[in-house]
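Geometric and topological summary
Residue strings, one per chain:
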Amino acid sequence: GAGVSQSPSNKVTEKGKDVELRCDPISGHTALYWYRQRLGQGLEFLIYFQGNSAPDKSGLPSDRFSAERTGESVSTLTIQRTQQEDSAVYLCASSLTVGRGHEQYFGPGTRLTVT
Amino acid sequence: GQQVMQIPQYQHVQEGEDFTTYCNSSTTLSNIQWYKQRPGGHPVFLIQLVKSGEVKKQKRLTFQFGEAKKNSSLHITATQTTDVGTYFCADPSNDYKLSFGAGTTVTVRA
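Scope of this entry: the structure provided in the associated data block. (Residues numbered from 1 in each chain as written. Chains lettered and ligands numbered in written order. Predicted model: local features only at pLDDT ≥ 70, side-chain atom pairs only at ≥ 80, totals over all residues. Heavy atoms only, no water.)

Comments concerning the overall build of chain B
Helix and strand counts for chain B stand at zero helices and eleven strands. Taken over C-alpha atoms, the radius of gyration comes to 13 Å for chain B, in line with the 13 Å a tight globule of 110 residues would show. Taking the principal axes of its C-alpha atoms as reference, chain B extends roughly 40 × 30 × 20 Å. Here chain B, with 110 residues, has 49% of them falling under the buried criterion. Of the accessible surface of chain B, which amounts to about 5,200 Å², a share of 51% is contributed by carbon and sulfur atoms. Across chain B, the centroid of the 11 positively charged side chains sits 3 Å from that of the 8 negatively charged ones. (Helix = DSSP H or I, 4+ residues; strand = E, 2+ residues; numbered from the N terminus. Rg over C-alpha atoms; globule rule 2.2 N^0.38 Å. Buried < 20%, exposed > 50% of the residue type's maximum accessible area, 1.4 Å probe, protein only. Areas by Shrake-Rupley, 256 points an atom, 1.4 Å probe, with all protein chains shown as cover. Lys, Arg positive; Asp, Glu negative; His and termini not counted. Charge placed at Lys NZ, Arg CZ, Asp CG, Glu CD.)

What follows is the structure in structure tokens.
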């Protein structure tokens, strides 16, 4: 079946501009996660959704970052006033539900480059 | 979340040889997951270990969970070029987020 999809696959933007990244989770998965991966580094947790609510936003790096999810499906991660340090691959994952031990399925990521 | 440490950070392996990568935690883990990320790709789930001392095999890959559930290892036998990538262990002890190790990046010399 269809996996997690993300768009765009690549985004180049100028410093100071806003960007919006999109994630389509696997159908029926109620849990959705956003991670950031800088070049050559591990995955940094940003935020998760159970349904449409985001109980924990503490992983978001600054108030320039926000995320929302509608209809228990699509999620968007918005970065306002982008900075060069925001350059990274942003990965979205989904799982059947939250709870320890549930396998997370990752999307291909959006590579963001801030010039 | 808990911190999981992975060693080595880089592993250069001659094709056909074996190697092991390790994942260590200072605290007891409820379970541990392993993911593989190919160059330019995204993490893909490999396996989850739950029981103390558990050993699971996937073809040439052997995963082990320590008796104290504070460490885990991934052993690959007869390394092939298809094994290239970064192997992450992840701690799912938090109910909703995975705490990933920094990964072991594997390169293979043909």
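Some words on the sheet that holds strand 3 (residues 19–24) of chain A
Residue and element names in this part refer to chain A. Sheet architecture is open: four strands sit in the order 1-3-7-6, paired in antiparallel fashion. Each of the sheet's edge strands pairs with one partner strand only, and the pair in question is strand 1 (5–7) and strand 6 (65–69). Ignoring strand direction, the axes of neighbouring strands in this sheet form an average angle of 15°. Direction of pairing for strand 6 relative to strand 7 (residues 75–79): antiparallel, over a ladder of five bridges. Across the sheet, residue Ala-67 finds its bridge partner in strand 7, namely Leu-77. (Pairing = 2+ DSSP bridges. Axes fitted to C-alpha atoms, helices over the stretch in contact; angles between N-to-C directions.)

Here we look at the state of the cysteines
All names here are of chain A. Tallied over the entire structure, the rule returns two disulfides over all chains. Here Cys-23 connects covalently by a disulfide to Cys-92, the sulfurs 1.9 Å from one another. Residues Cys-23 and Cys-92 are joined by a disulfide whose S-S torsion is about -65°; by sign, that bridge is left-handed. With Cys-23 in strand 3 and Cys-92 in strand 8 (residues 88–95), this residue pair connects regions lying 69 residues apart in the sequence. (Disulfide = S-S within 2.5 Å.)

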